[in-house]
Every structure is written in structure tokens, then in C-alpha cells.
Amino acid sequence: ASNSPQTIPVTLVIASPGPLTSSPSSLTFAYQVGAGAPASQTLNIAGPTSGAYSFTVAATTASGGSWLSTSPTTGSTPSSISVSVNPANLSAATYLGTLTITAPGAGSVTVQVTLNVSPAAATLSVSPQTLTFNATAGGSTPAPQTVAVSTTNNVTANYTVTATSTGNWLTA
């Protein structure tokens, strides 16, 4: 043919695969000293819609040591990972951590993790636990007695003392 060969312009556009995403975008855990560790939470990781991307997860903490972890630490999108905290040996404070999820070809995403550690619950104790007053009818009033009130773990607690008796003979 007289018009052969033909030249046809072709344009190839390579689009970015889109960002790596996580849901939720942040996690918060609460723990009271002396209680059981908080339940783990699920983090969903998704990549671009075109194919699966292998990812790694790195957990870092700003203070308090290595209290933040994930399982697994590697995977492929879409996937879910379990995020756990180990608050053993942490005192009452707010601790901050970061999960960095990286997938070559899809970028990375960071997830902020907050661990709020509250003081141990106060348990009151008294000593002695019973008092005995001996009195003679028509005699003098028995001497006052002292009860010591304390808390466990040196926790400060507010309390109220109430005296109850039959006949209004006892006061606090």
C-alpha cells in the first residue's frame, strides 16, 4: 500500500499507585496501674487499589521503653494487624508512640499511639479494725481511741469518717 507504514502517536501515562492508608489513623489505650493490660486493638492497612503491596511495621516510643508492639510486623495489603501495649513498670503518665507502616511503591503512613496510665486505685485500710470501750454506768467517759487510716501503694485518697451506734453514744 502506498500509505504504508503508518505512524500512530501513543502516549503511556504511568500513574502513581496512590497512598498507603491505615484505619483508624490513631490509637489510644488506657491503663490503671495494678490492673490488667488493655486489650489489643486492630489496625487495618490498605494499599492502592492496583495490587497487593508488601509492608513492614516499625514501632517506636518517645519514653517508657518498649511498651508498644504489633503482630505481625510484616504483611501484604490489604491486611489487619494487632496493636498491643505492655504497661508493666510504667508509672502514671501519658506515653506517646508511633507506628510507621512502609510499603515500597506505595509509600508510608504513620499512626500515633497514646497510652494513658492512671495511678493505682486507692485501697483504704484501718488499724485497729475494731475498738472496744469499757465504761461503768454513771462513771466517767472512756478515753478516746485512735484509728490509723492508710492506703495501698502510697496513693492519696479522700475519705469521710462516720460513727454509727445505737443510742448516740459514739462520735467520730
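Residues numbered from 1 in each chain as written. Predicted model: local features only at pLDDT ≥ 70, side-chain atom pairs only at ≥ 80, totals over all residues. Heavy atoms only, no water.

(A) How the structure looks around the layout of surface pockets. The computed volume of the largest pocket comes to approximately 620 Å³. When its residues are assigned to classes, the lining of the largest pocket shows 17 nonpolar, seven polar and no charged. (1 Å grid on protein atoms, 1.4 Å probe; cavity = no way out; pocket = protein on both sides within 12 Å on 5 of 7 lines; lining within 4 Å. Points joined across faces, edges and corners; volume = space filled by probe spheres on them. Nonpolar A, V, L, I, M, F, W, Y, C, P; charged D, E, K, R; others polar.)

(B) Inspection of the packing of aromatic side chains at higher detail. In this structure the tally under the stated criterion is one aromatic pair. Ring centres of W67 and Y95 lie 6.5 Å apart, and the angle between their planes is 65°; on these two criteria the pair is classed as edge-to-face. In this pair, W67 is assigned in the loop between β4 (54-61) and β5 (68-71) and Y95 in strand β8 (residues 93-103), connecting sequence segments 28 residues apart. The same class applies to W67 as to Y95, namely buried. (Phe/Tyr/Trp six-rings, centres within 6.5 Å; stacked < 30°, edge-to-face > 60°. Helix = DSSP H or I, 4+ residues; strand = E, 2+ residues; numbered from the N terminus. Buried < 20%, exposed > 50% of the residue type's maximum accessible area, 1.4 Å probe, protein only.)

(C) Local environment of a nonpolar patch on the surface. Together, L124, V126, L131, V147, V149, Y159 and V161 make up a nonpolar patch on the protein surface, roughly 560 Å² of accessible area in all. Structurally, V147 can be placed in the loop between β10 (124-127) and β11 (148-151). Taking relative accessible area as the criterion, V147 reaches 34% and is therefore assigned partly exposed. (Patch = residues over 30% accessible without salt bridge, like charges linked within 9 Å, V, L, I, M, F, W, Y side chains within 5 Å. Areas by Shrake-Rupley, 256 points an atom, 1.4 Å probe, with all protein chains shown as cover. Salt bridge = Lys/Arg side-chain N within 4 Å of Asp/Glu carboxyl O.)

(D) View of the sheet that holds β8. One open sheet accounts for five strands, arranged β2-β9-β8-β4-β6; its pairing is mixed. Lying at the two open borders of the sheet, with one neighbouring strand each, are β2 (26-32) and β6 (74-76). The sheet shows a mean angle of 25° between the axes of neighbouring strands, direction not considered. Pairing analysis gives 11 bridges linking β8 to strand β9 (residues 107-118), with the strands arranged antiparallel. Residue pairing across strands places I101 opposite V109, the latter belonging to β9. (Pairing = 2+ DSSP bridges. Axes fitted to C-alpha atoms, helices over the stretch in contact; angles between N-to-C directions.)

(E) Just the nonpolar core, in detail. Among the nonpolar cores identified, the biggest contains 25 residues, and W67, V83, L99, I101 and L115 are the most heavily contacted of them. Those elements that provide at least two residues to this core are β2, β3 (41-46), β4, β7 (79-85), β8 and β9. If you tally residues by element for this core, the top one is β9, at five residues. Look past the residues within four positions of L115 in its chain and what remains in contact with it is F29, Y31, W67, V85, P87, L90, A93, T94 and Y95. (Core = buried A, V, L, I, M, F, W, Y, C linked by side-chain atoms within 4.5 Å. Contact = heavy atoms within 4.5 Å.)

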